[in-house]
Amino acid sequence: MSHGHFATIAARAGIAQDPAHEAVTPPLYLTTTYRLKALGQAGPYDYSRSNNPTRDVLAEALAALEGGAKAIVTNTGMSACLLALQLLTPADTLVIPHDCYGGSYRLFTNLAERKQSFKLVIVNFQQADWAEQIRAARPAMIWLETPSNPLLQITDISAVCHLAKALGAKVVVDNTFLSPVLQQPLALGADLVVHSTTKYINGHSDVVAGALICADQATGDELKWWANCLGITGAAFDAYMTLRGLRTLAPRMQQHQINAECIVAFLQQQPLVSKVYYPGLEDHPGHAIAKAQQQGFGAMLSFDLAVEPGLLQHFLDALHCFTLAQSLGGIESLICHPGSMTHASMSAEAQKTAGIGPTLLRLSVGIEAIEDLLADLAQGFSALARASQATASDDKAADSSAVGDNTALSQSCRLSPALNALW
Ligand SMILES: *Cc1c(COP(=O)(O)O)cnc(C)c1O
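Residues numbered from 1 in each chain as written. Predicted model: local features only at pLDDT ≥ 70, side-chain atom pairs only at ≥ 80, totals over all residues.

The name an unreviewed UniProt entry gives the chain is Cystathionine gamma-synthase, with Alkalimonas mucilaginosa as the organism. The UniProt entry for the chain carries the following text under Sequence similarities (unreviewed entry): "Belongs to the trans-sulfuration enzymes family." Listed under Cofactor (unreviewed entry) in UniProt, the entry text for the chain is "pyridoxal 5'-phosphate". (UniProt positions renumbered as here; feature names shortened; annotations may be inferred.)

Structure below.
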């Protein structure tokens, strides 16, 4: 499917289908309950926990975008994950990647250890023997998250699905980081896709919600039954907001990516950046697989700074277009320090093993004007350079002037002629 088709599905979802008033935009049905015409004559809707017309429009759009038979809209991304786990019994084994989303990791490990809901095997899919590890685990379900957070590591979805088929295991892919516009796991052989629609799908950082998309109808029906039973279906208002955000998903992803690629090029020229993590870079270990299975490299990236961790605040203080905050996928640019924020629950040792260093920063690149984003980062690097020079010469006065004077610093920033042309 071309990007254009995604844009059409998203823009036209539920448009001009209102039987009551010919409304062009699908209405928001906040009603909790629905009138029966007479005893025994219930309509298609009876109670909004089970079914809601607004939520159904969103679910149908998401199923179409991911190429699935059925989508279930849930109240959070975590509840979409919880819903997928309803397919497991205590006799089953779930394989998860060592670097999956922290909230998912907490859910999997606590359900396995404290509730014995299933057996759990944690696999590092970046290791050469991942397939042997999976064969030995004899899983009923394999969980994938690619690109991973925060190091953007790539897993070969087709290869894992191929092995899973041979073993009779289901594959679930958390597709939050790319959205269906940039990756369609069901087409690569996966059985289920989960989303935190909180991120790119809604895209405006104003709804927490999720979705689960099933390749086959029977699994979709079973999990829809569970979603109603557990009471984790999404609110109508949230579905309305998410549908509104979804309509611009394709052009947003395009702009997010254009900006991300410019920022990657800029970061690579910075002497204070020791490493950039972005699957679009040819020397990224997952580049070839990302190129084959994705329709773009996305707009999440991380980088390591070659400075003392104590100096990070100088960089962050100089930024005005990048907000220091968790989460991702909104139209606004965010910066995050995984070590103390998203991945703070990992021990220092575990962080080190996972490659999450103390000066690692993660960007969720927004859709602001690229000139402003680059100018902002340039200001950050100038402030950082001043601060690190000041520390080196132990010159306290220079240090304090470096933090406040952004105008002079931005003029002294280093940019390639190509990027300078963008200013
Ligand atoms: C945010 C996130 C989740 C959890 O979603 P919520 O909407 O916060 O419940 C799951 N997976 C990934 C990859 C995420 O980024």
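**Student:** For this particular structure, what's the right way to read the packing of helix 10 (residues 249–268) against helix 14 (residues 370–392)?
**Tutor:** Angle between the axes and distance between the axes are the two parameters that describe a pair of packed helices. Helix 14 packs onto helix 10 with a crossing angle of 30° between their chain directions and a minimal axis gap of 10 Å. The orientation of helix 10 with respect to helix 14, classified from their angle, is roughly parallel. Judged by the twist between their axes, the crossing of helix 10 over helix 14 is right-handed. Where helix 10 abuts helix 14, its residues Asn259, Cys262, Ile263 and Phe266 lie against Ile370, Leu373, Leu374 and Leu377. When the residues that make up the contact of helix 10 with helix 14 are grouped by side-chain class, the tally is 7 nonpolar, 1 polar and no charged. (Axes fitted to C-alpha atoms, helices over the stretch in contact; angles between N-to-C directions. Helix = DSSP H or I, 4+ residues; strand = E, 2+ residues; numbered from the N terminus. Parallel < 35°, antiparallel > 145°, perpendicular 65-115°, else oblique. Left-handed = near helix turned anticlockwise from the far one by under 90°. Contact = placed C-beta atoms within 7 Å. Nonpolar A, V, L, I, M, F, W, Y, C, P; charged D, E, K, R; others polar.)

**Student:** How should I be thinking about the site of the ligand in this particular structure?
**Tutor:** Near the ligand lie 15 residues; those nearest to it are Thr76, Gly77, Tyr101, Ser196 and Thr198. Counting only elements with at least two residues in the shell around the ligand, the list comes to helix 3 (77–84) and helix 4 (102–115). For the shell around the ligand, the per-class residue count stands at 4 nonpolar, 8 polar and 3 charged. (Near = placed C-beta within 6 Å.)

**Student:** Quick question: what am I supposed to make of the domain arrangement of the chain here?
**Tutor:** A common way to state how big an interface is: give the accessible area lost once the parts meet. Segmentation of the chain into domains returns domain 1 (3–246) and domain 2 (249–420). Of note, the centres of domain 1 and domain 2, computed from C-alpha atoms alone, are 30 Å apart. Contact residues are listed per partner, giving 30 residues for domain 1 and 34 residues for domain 2. The set of elements that each furnish at least two residues to the side of domain 1 that touches domain 2 consists of helix 1 (3–12), helix 6 (157–167) and helix 7 (179–182). Here the element with the most residues in the side of domain 1 that touches domain 2 is helix 1; it accounts for 4 residues. Grouping the amino acids of the side of domain 1 that touches domain 2 by side-chain chemistry returns 17 nonpolar, 10 polar and 3 charged. (Domains from an automatic or database assignment.)

**Student:** What is the right way to read the environment of His256 from this model?
**Tutor:** On the secondary structure map, His256 appears in helix 10. Overall, the presence of 27 C-beta atoms within 10 Å leaves His256 in the buried class. When the C-alpha positions of His256 and Ile367 are compared, they lie 5.3 Å apart, and in sequence the two are 111 residues distant. Leaving out residues up to four positions away in the same chain, His256 has contacts with Ala299, Val365 and Ile367. (Buried ≥ 20, exposed ≤ 12 C-beta atoms within 10 Å, placed from the backbone.)

**Student:** Looking at this structure, how should I read the pairing of strand 2 (residues 93–97)?
**Tutor:** In summary, the side chains of a regular strand alternate between the two faces of the sheet. Burial runs high along strand 2: 4 of the 5 residues are buried. In this fold, strand 2 hands off to helix 4, which returns the chain to strand 3 (residues 119–123); that crossover is right-handed. Taken together, the 2 bridges between strand 2 and strand 4 (residues 141–145) define a ladder with parallel strand orientation. Across the sheet, the residue bridging to Leu94 is Met141, located in strand 4. (Right-handed = clockwise from strand over helix to strand, strands pointing away. Pairing = 2+ DSSP bridges.)

**Student:** Could you clarify how one ought to interpret the sheet that holds strand 8 (residues 273–277) in this entry?
**Tutor:** Strands in a sheet are paired, the pairing made by backbone hydrogen bonds, and the direction either parallel or antiparallel. Across the sheet, 5 strands lie side by side as 8-9-12-11-10; this open sheet has mixed pairing. The outermost strands of the open sheet, each flanked by one partner alone, are strand 8 and strand 10 (323–324). Sheet analysis places strand 11 (residues 334–336) next to strand 12 (residues 360–364), joined by 3 bridges and oriented antiparallel. Along strand 12, the bridge assignment pairs Leu334 with Ser364.

**Student:** How should I be thinking about the sheet that holds strand 5 (residues 170–174) in this particular structure?
**Tutor:** Taking strand neighbours across the sheet as the criterion, the 7 strands line up as 1-7-6-5-4-2-3 in an open arrangement whose pairing is mixed. Either end of the sheet is taken by a strand with one partner, and the two such strands are strand 1 (70–74) and strand 3. Averaged over all pairs of adjacent strands, the angle between their axes in this sheet comes to 20°, without regard to strand direction. Here strand 2 pairs with strand 3 via 5 bridges, running parallel. Bridging across to strand 3, Val95 finds its partner in Val121.

**Student:** For this particular structure, what's the right way to read the nonpolar core?
**Tutor:** Side chains of a nonpolar character, in soluble globular proteins, are inclined to be buried together. Judged by nonpolar contacts, the single largest core of 119 residues is most densely connected at Ala61, Ala84, Ile142, Val171, Val172, Leu212 and Leu301. Considering every element that reaches this core, the biggest residue donor is helix 14, with 11 residues. Setting aside residues no more than four positions away along its own chain, Ala61 makes contact with Ile9, Ala10, Ala13, Leu243 and Leu246. (Core = buried A, V, L, I, M, F, W, Y, C linked by C-beta atoms within 7 Å.)

**Student:** I tried to follow the packing of helix 3 against helix 4 on my own but got confused; where do I start?
**Tutor:** Where helix 3 meets helix 4, the axes come as close as 10 Å, and the angle between the chain directions of the two elements is 35°. Crossing of helix 3 over helix 4 shows right-handed handedness. Of the residues in helix 4, those touching helix 3 at Met78, Cys81 and Leu82 are Gly103, Ser104 and Leu107. When the residues that make up the contact of helix 3 with helix 4 are grouped by side-chain class, the tally is 4 nonpolar, 2 polar and no charged.

**Student:** How do you make sense of the pairing of strand 7 (residues 210–214) when you look at a structure like this?
**Tutor:** Most of strand 7 is tucked away: 5 of the 5 residues are buried. Pairing analysis gives 5 bridges linking strand 1 to strand 7, with the strands arranged antiparallel. In the strand pairing of strand 7, Val73 is matched with Ala211. Both strand 6 (residues 192–196) and strand 7 contribute to a ladder of 5 bridges, which runs antiparallel. Bridging from a neighbouring strand, His195 pairs with Ala211 of strand 7.

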